[in-house]
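# Secondary and tertiary structure notes
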Amino acid sequence: IFKLHLNKLFMLKTTTTVATSRSFKEDRIWLNGKEEDITHPRLQSCLREIRRLARKRHNDGDATSTELTGLSQKVHICSVNNFPTAAGLASSAAGFACLVYSLAQSFGVEGELSGVARQGSGSACRSMYGGFVQWIMGNQEDGKDSLAQQVEPESHWPELRILVLVANAERKPVGSTSGMQTSVQTSCLLKHRAESVVPHRMEEMIKAVRGRDFPAFAELTMKDSNQFHATCLDTYPPIFYLNRVSQQVIHLVHRYNRHYGETRVAYSFDAGPNAVIFTLQQHVPEFVHFIQHFFPPETNGEDFIKGLPVKRAAVSEQLKQSVGLEPMPKGINYIISTKAGPGPRVVKDPSLHLLSPDGFPKL
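Residues numbered from 1 in each chain as written. Predicted model: local features only at pLDDT ≥ 70, side-chain atom pairs only at ≥ 80, totals over all residues. Heavy atoms only, no water.

If you look the protein up in an unreviewed UniProt entry, it shows as Diphosphomevalonate decarboxylase from Oryzias sinensis. The UniProt entry for the protein carries this comment under Sequence similarities (unreviewed entry): "Belongs to the diphosphomevalonate decarboxylase family." Its UniProt record gives the protein the following Pathway (unreviewed entry) comment, quoted word for word: "Steroid biosynthesis; cholesterol biosynthesis." (UniProt positions renumbered as here; feature names shortened; annotations may be inferred.)

Quick look at the structure:
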């Protein structure tokens, strides 16, 4: 049994336990306490590829006797996210990266795994590494050279902080994969974006990250988020991931930056309404309480702010008046305070395994 922690961001993680046994009658998987369909094509694609690589290793004479035994057995998988699933916070990316890494550990597969993770979820290839990661498009028709590459490790920019504003933890109505497939088929803007915008923007983003240039990083981040959602609107029928809370966050960020005459915070939205805010450590206390003022929560303290500690800070009346927007009570359920974290890793402490000795989820 292998226990995996995948820290997409510090404090946000997917935990996966994999077990193989001759007593298992079939492959099975449980996600967040509920058994899911193991025959899902994306799951099967990852399982097949890991097993193929394991057989190749066996044929090459590199596999151990334990790994050879496991190859002929069925597998049980149990996975848990400690953040909202299918809500636009990249739970599929974290989940498939963790799944592939744990299966590889179980079957003794080594080497480049981001191409395998990509078969489960495109973004999962990036989650195979920590820190700042790019997804290289590649040129081969079979996509085998479309892999992830680490730009810088998580230790590169220690002052950078991330705030996840959870407005809606419910499962989104249009999944990321199906939404992207529809966009590819119907959006002219997506084709322009892929061919004319993204290549240059990636070069600029890598330059900003390596130079720890926050204003450049922030502007690129927000522009790319905006264009992604413009592509969603250009899709037919259109896809609406953002809601009125998301739009309010966008207004607040721009007005906050305008008040200070510099770019201190940036927003990004994936395929969901929940904002990911980037800022530097010194601005976290004020901005968190700024958000708390404009989205008055039902509860305060630990129930509203989770993750890394956030110091108390006052929000000036001048700033509130400069923004000029009315508060939206209960618009944000809670905030996760975090930072860039490492990629997958094995934790061998048996007490942390999600599966009991018989190979079934612990109650």
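Attention now goes to the overall build of the protein. In terms of helices and strands, the protein carries 10 helices and 13 strands. Its C-alpha radius of gyration of 22 Å places the protein within 12% of the 21 Å reference for a compact globule of 363 residues. For the C-alpha atoms alone, the extent of the protein along its principal axes is close to 70 × 45 × 40 Å. The buried share of the protein, reckoned over its 363 residues, is 50%. (Helix = DSSP H or I, 4+ residues; strand = E, 2+ residues; numbered from the N terminus. Rg over C-alpha atoms; globule rule 2.2 N^0.38 Å. Buried < 20%, exposed > 50% of the residue type's maximum accessible area, 1.4 Å probe, protein only.)

Another aspect to go through is the packing of aromatic side chains. To describe a pair of aromatic rings, one takes the distance between the centres and the angle between the planes. Scanning all chains against the criterion turns up 12 aromatic pairs. Arranged with centres 5.4 Å apart and planes meeting at 85°, the rings of Phe-217 and Phe-278 form a pair that is edge-to-face. In this pair, Phe-217 sits in helix 7 (residues 214-234) while Phe-278 sits in strand 10 (residues 275-280), placing the two residues 61 residues apart along the sequence. For Phe-217, a relative accessible area of 6% translates into the label buried. Classification of Phe-278 by relative accessible area gives buried; the value is 15%. Here the aromatic rings of Tyr-256 and Phe-287 are separated by 5.1 Å at their centres, their planes lie at 80°, and the arrangement is edge-to-face. (Phe/Tyr/Trp six-rings, centres within 6.5 Å; stacked < 30°, edge-to-face > 60°.)

Bringing the packing of helix 8 (residues 244-260) against helix 9 (residues 284-294) into the picture now. For the pair helix 8 and helix 9, interaxial distance at closest approach is 12 Å and the crossing angle is 130°. Relative to helix 9, the element helix 8 lies oblique. Considering how the two elements wind past one another, helix 8 and helix 9 form a crossing that is right-handed. The segment helix 8 lies against helix 9, with Leu-252, Val-253, Tyr-256 and Tyr-260 engaging Glu-286, Phe-287, Phe-290, Ile-291 and Phe-294. A breakdown of the residues in the contact of helix 8 with helix 9 according to their chemical character gives 8 nonpolar, no polar and 1 charged. (Axes fitted to C-alpha atoms, helices over the stretch in contact; angles between N-to-C directions. Parallel < 35°, antiparallel > 145°, perpendicular 65-115°, else oblique. Left-handed = near helix turned anticlockwise from the far one by under 90°. Contact = heavy atoms within 4.5 Å. Nonpolar A, V, L, I, M, F, W, Y, C, P; charged D, E, K, R; others polar.)

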